[in-house]
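Observations on the three-dimensional arrangement
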Amino acid sequence: MSQKKLIQGLNEDLAAEWGTVMRYTYQAAHAFGIEGEHLRDILAEEVQDELGHATFLTDVIVDLGGEPTTTPKEFGKPKGLKKMLELDLEMELRDVEHYNEHARIAEELGLTELKVKLEEMAADEAGHAREIRRILKGL
Ligand SMILES: [Fe+2]
Ligand SMILES: [Fe+2]
């Protein structure tokens, strides 16, 4: 796997992160009722994690000689808390897979810091997925 391919993969991750920042912000504005109030707090916290991921990926792509995307990935806009969270769970689990896959490529290329950071980001997304599963169980 070449560095060019890795940059391409990281740019897809970055587009997904920008999309998640927007999706959580959009969903927070549509989270109504008492349960919605709680969800707003949780989403506000998770947006900070996703912003941190997007910032890191932007820096790394530049460092590797690439051009970081500023275009978010398109996202669905389902109505109602349950449907929103089901989409979020699916997307978080997809992010876990992508970060693990790209961590393996970084390791192959001898990029140790990137490998470790991508694994940490996979763990962050897995934590988000666990939090969402907990909320979904009560809805
Ligand atoms: Fe993220
Ligand atoms: Fe996440």
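As the structure is a computational prediction, the values presented were derived from the model and not from experiment. (Residues numbered from 1 in each chain as written. Chains lettered and ligands numbered in written order. Predicted model: local features only at pLDDT ≥ 70, side-chain atom pairs only at ≥ 80, totals over all residues. Heavy atoms only, no water.)

Some points on the overall build of the chain
For clarity, the threshold we go by: Numbering goes from the N terminus for both helices and strands, where a helix is a DSSP run of H or I of at least four residues and a strand is a run of E of at least two. For a compact globule the rule gives 2.2 Å times the number of residues to the power 0.38, and the radius of gyration it is set against comes from C-alpha atoms. Whether a residue is buried, partly exposed or exposed follows from its accessible area with a 1.4 Å probe, protein chains only, as a fraction of its type maximum: under 20%, in between, or over 50%, in that order. By definition in these notes, contact holds between two residues if any of their heavy atoms fall within 4.5 Å. Here the open area of atoms and residues is found with the Shrake-Rupley method and a 1.4 Å probe, where only the protein chains shown may cover a residue. His is not counted here, nor are the chain ends, while Lys and Arg score as positive and Asp and Glu score as negative. One atom stands in for each charge, and that atom is NZ of Lys, CZ of Arg, CG of Asp or CD of Glu.
Looking only at helices and strands, the chain features four helices and zero strands. Ordered by position from the N terminus, the helices and strands of the chain form the series α-α-α-α. The C-alpha radius of gyration of the chain comes to 15 Å, within 12% of the 14 Å expected for a compact globule of 139 residues. A principal-axis box enclosing the C-alpha atoms of the chain has dimensions of 50 × 25 × 20 Å. Scored against the burial criterion, the 139 residues of the chain give a buried share of 42%. By sequence separation, contacts in the chain at least 24 residues apart represent 82% of the contacts at least 6 residues apart. On the chain, roughly 7,900 Å² of surface is accessible, and the fraction owed to carbon and sulfur atoms is 53%. Across the chain, 17 positive and 29 negative side-chain charges occur, with their mean positions spaced 6 Å apart.

Section: helix H4 (residues 112-137)
What counts, and what does not: One less than the number of residues in a helix, times 1.5 Å, gives the span that helix is expected to have.
Taking 1.5 Å as the rise per residue, H4 with 26 residues should run 38 Å; its terminal C-alpha atoms sit 38 Å apart, in good agreement. Buried within H4 are the following residues: Leu114, Lys115, Leu118, Met121, Ala122, Glu125, His128, Ala129, Ile132 and Leu136. Of the surrounding secondary structure, the elements contacted by the buried residues of H4 are helix H1 (3-29), helix H2 (33-63) and helix H3 (81-108).

Points about the coordination of the iron ion (ligand 2)
Note the following rule: Donor criterion used throughout: N, O or S atom within 2.8 Å of the metal, extended to 3.2 Å for Na, K and Ca. Water excluded; incomplete-looking sites may result.
In the first shell of the iron ion (ligand 2), the protein supplies Glu50 (OE), Glu92 (OE), Glu92 (OE), Glu125 (OE) and His128 (ND1), at 2.0 to 2.4 Å from the metal. Donor residues for the iron ion (ligand 2) sit on one chain with the sequence pattern E-x41-E-x32-E-x2-H. Between the iron ion (ligand 2) and the iron ion (ligand 1), a spacing of 4.0 Å is present, and a bridge between the two is formed by Glu50. Of the two residues, Glu92 is situated in helix H3 and Glu125 in helix H4; the sequence distance between them amounts to 33 residues. For the pair formed by Glu92 and Glu125, the shared burial category is buried.

Description of the coordination of the iron ion (ligand 1)
Protein ligation of the iron ion (ligand 1) involves Glu17 (OE), Glu17 (OE), Glu50 (OE), His53 (ND1) and Glu125 (OE), the donor distances falling in the range 2.0 to 2.3 Å. Relative accessible area serves as the criterion here: at 0%, Glu50 is assigned to the buried category.

Considerations on the pattern of salt bridges
Threshold: Any carboxyl oxygen of Asp or Glu that lies within 4 Å of a side-chain nitrogen of Lys or Arg is treated as forming a salt bridge with it.
Across all of its chains, the model carries six salt bridges by this definition. Residue Lys115 is joined to Glu107 by a salt bridge in which the shortest nitrogen-to-oxygen separation is 3.9 Å. For Glu107, a relative accessible area of 48% puts it in the partly exposed group. With its nearest N and O atoms 3.7 Å apart, the salt bridge here joins Glu119 to Lys115. Highlighted residues: Glu119 and Lys115, both in helix H4, separated by four residues, approximately one helical turn.

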